[in-house]
Amino acid sequence: MRYRFEVVVSLKPGLLDPQGKAVEGALPALGWTDVSGVRVGKHVELTVEAPDEEAARARVEEVARRLLSNPVIEDHRILRAEEVPGPDAAEPGRGAA
Amino acid sequence: MGRRPRVGVVTFPGSLDDRDALRAVRLLGGEGVPLWHAERDLRGVDAVILPGGFSYGDYLRTGAIARFAPVMEEVRRFAEAGGPVLGICNGFQILCEAGLLPGALARNASLRFVCRWVHVRVESTATPLTAELLPGEVLEVPVKHGEGRFLAGPEDLARIEGQGLVVFRYCGPGGELGDAWNPNGSAGHIAGVRNEAGNVVGLMPHPEHAVDPDLGPTGGQPLLASLLARALARV
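Now for a quick tour of the structure.

Conventions and cut-offs
- For every chain, the first residue of the written sequence is number 1, and numbering continues from 1 along that sequence.
- As a convention, the first chain written is A and the first ligand written is 1, with the rest following in written order.
- Local features are withheld for residues below a pLDDT of 70 in this predicted model, meaning they are given only at 70 or higher, and side-chain atom pairs are given and counted only at 80 or more; totals for whole chains, interfaces and linings count all residues.
- A strand pair is defined by DSSP finding two or more bridges across the two strands.
- Only DSSP runs of H or I reaching four residues or more are called helices, and only runs of E reaching two or more are called strands; each is numbered from the N terminus.
- Axis definition: a line fit to C-alpha positions, over the contact stretch in the case of helices; interaxial angles, taken between N-to-C directions, run 0 to 180 degrees.
- A helix is expected to reach a length of 1.5 Å times the quantity of its residues less one.
- Burial is judged by counting the other C-beta atoms within 10 Å of a residue's own C-beta: 20 or more makes it buried, 12 or fewer makes it exposed, and any count in between marks it as partly exposed, with every C-beta position built from the backbone.
- To obtain the arc, one takes the directions from the helix axis to the C-beta atoms.
- Two residues qualify as a contact pair if the distance between their C-beta atoms, derived from the backbone, is within 7 Å.
- Only Asp, Glu, Lys and Arg are considered charged in this grouping, and only Ala, Val, Leu, Ile, Met, Phe, Trp, Tyr, Cys and Pro are considered nonpolar; every other residue, Gly among them, is considered polar.
- A set of buried residues drawn from Ala, Val, Leu, Ile, Met, Phe, Trp, Tyr and Cys, joined through C-beta atoms within 7 Å, is what defines a nonpolar core.

On to the sheet that holds strand S2 (residues 42-49) of chain A. All names here are of chain A. Spatially, the three strands line up as an open sheet ordered S2-S1-S3, and their pairing is antiparallel. Edge strands, defined here as strands with exactly one partner in the open sheet, are S2 and strand S3 (74-84). Direction aside, the axes of adjacent strands within the sheet are offset by 20° on average. Pairing analysis gives eight bridges linking strand S1 (residues 2-11) to S2, with the strands arranged antiparallel. Paired with Arg-2 across the two strands is Glu-49, which belongs to S2.

This brings us to helix H2 (residues 53-68) of chain A. Residue and element names in this part refer to chain A. Here H2 spans only 20 Å end to end across 16 residues, well under the 22 Å set by a 1.5 Å rise per residue. Buried within H2 are the following residues: Ala-56, Val-60, Ala-64 and Leu-68. Down the axis of H2, the smallest arc covering the buried residues is 75°, so these residues share one side. Exposed residues lying more than 90 degrees from the buried face of H2 are Glu-54, Ala-58, Glu-62 and Arg-66.

In this section: the interface of chain A and chain B. Counting from both sides, the interface comprises nine residues of chain A and, opposite them, 15 residues of chain B. With three residues, the top contributor of residues to the side of chain A that touches chain B is helix H1 (residues 18-26) of chain A. Looking at the side of chain A that touches chain B residue by residue, the classes come out as seven nonpolar, two polar and no charged.

All names here are of chain B. Ordered by their spatial adjacency, nine strands build an open sheet running S2-S1-S3-S4-S11-S10-S9-S6-S7, and the pairing between neighbours is mixed. In this open sheet, the two strands that pair with only one neighbour each are strand S2 (31-36) and strand S7 (138-145). Between one strand axis and the next, the sheet turns by 25° as a mean value, whatever way the strands run. With four bridges joining them, strand S4 (residues 85-88) and strand S11 (residues 200-203) adopt parallel strand pairing.

By the secondary structure assignment, A:Val72 is in the loop between H2 and S3. When the 18 C-beta atoms within 10 Å are taken as the criterion, A:Val72 is described as partly exposed. Ignoring anything within four residues of it in the chain, the contact list for A:Val72 reads B:Gly103, B:Ala104, B:Ala152, B:Gly153 and B:Asp156.

Core analysis: the biggest nonpolar cluster contains 76 residues, and B:Val7, B:Val48, B:Leu95 and B:Leu224 have the highest contact counts within it. For this core, the element with the highest residue contribution is helix H5 (residues 220-234) of chain B, accounting for six residues. Excluding anything up to four places from it in sequence, B:Val7 contacts B:Val25, B:Gly30, B:Gly32, B:Val33, B:Val45, B:Asp46, B:Ala47, B:Ile49, B:Leu228 and B:Ala231. Counting residues in each nonpolar core, the second largest holds seven residues, with A:Tyr3, A:Phe5, A:Ala56 and A:Val60 among its members.

Laid out in structure tokens, this is it:
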């Protein structure tokens, strides 16, 4: 089975996020004075082959902990997981080349 | 003095300061030995330098991909056997990602790339890089980085401070501490740290760019001279 995952990596709460701050600083200039608490992170999509979703999820956790994030300063979270067609089928985004 | 100390400098795809590091080693009387990221061979060197640059384009995080390079297995083995390992700038980031040094380097608080001369104060002399210096000694060296803000969780930071693992802090010309002297927002003005054994050191400033009096201040000279002397003494 193939599973498509979305993982988000973000700075741990409490750590200064200068990118988030810069984005937040730009908001009032555009008239949005009602928006705050901006934090910028990373969004990663990946496909895992595994016998079931539980095994796939365990693999993603491992990948996220050891490579996608630096656990010293970052947290990660799986946003979404869904079963996708096997490798024979066209992958989304790859077009019909 | 017998033979010259042999200092290996690793080149990763995207390393920039490998040549300067080799040249600095040579200027100070050592033999610079080029090492290649894809080879599992340290060529019998007495010390290893991971130089500055943007290995693997800084993709994902600085140093995140480089830590998996084949040569890093050997660097880890060398470090675990007590061999002197120095990480400069990107090399420091790689050592943190590899878990050979505590903490992590994040985007500068200012969000700006900083390129200027700074002063650092020697906090620990329990490393080959600082063994021949005095605690409190102030050195002028350059920084050039966008992601040099040293960070660690509260417990880690307390441990780093408590065990005296801070090797350098950013400071003023007289050794005074303050936010005005901190170029990137590092916790505790930390510019460099060591491992518990002391043989692995990393710092954001560039000693290898500060060894030639024709080119400016020479704050890097005593540091690399100490590394060379200690690398040989260990043999």
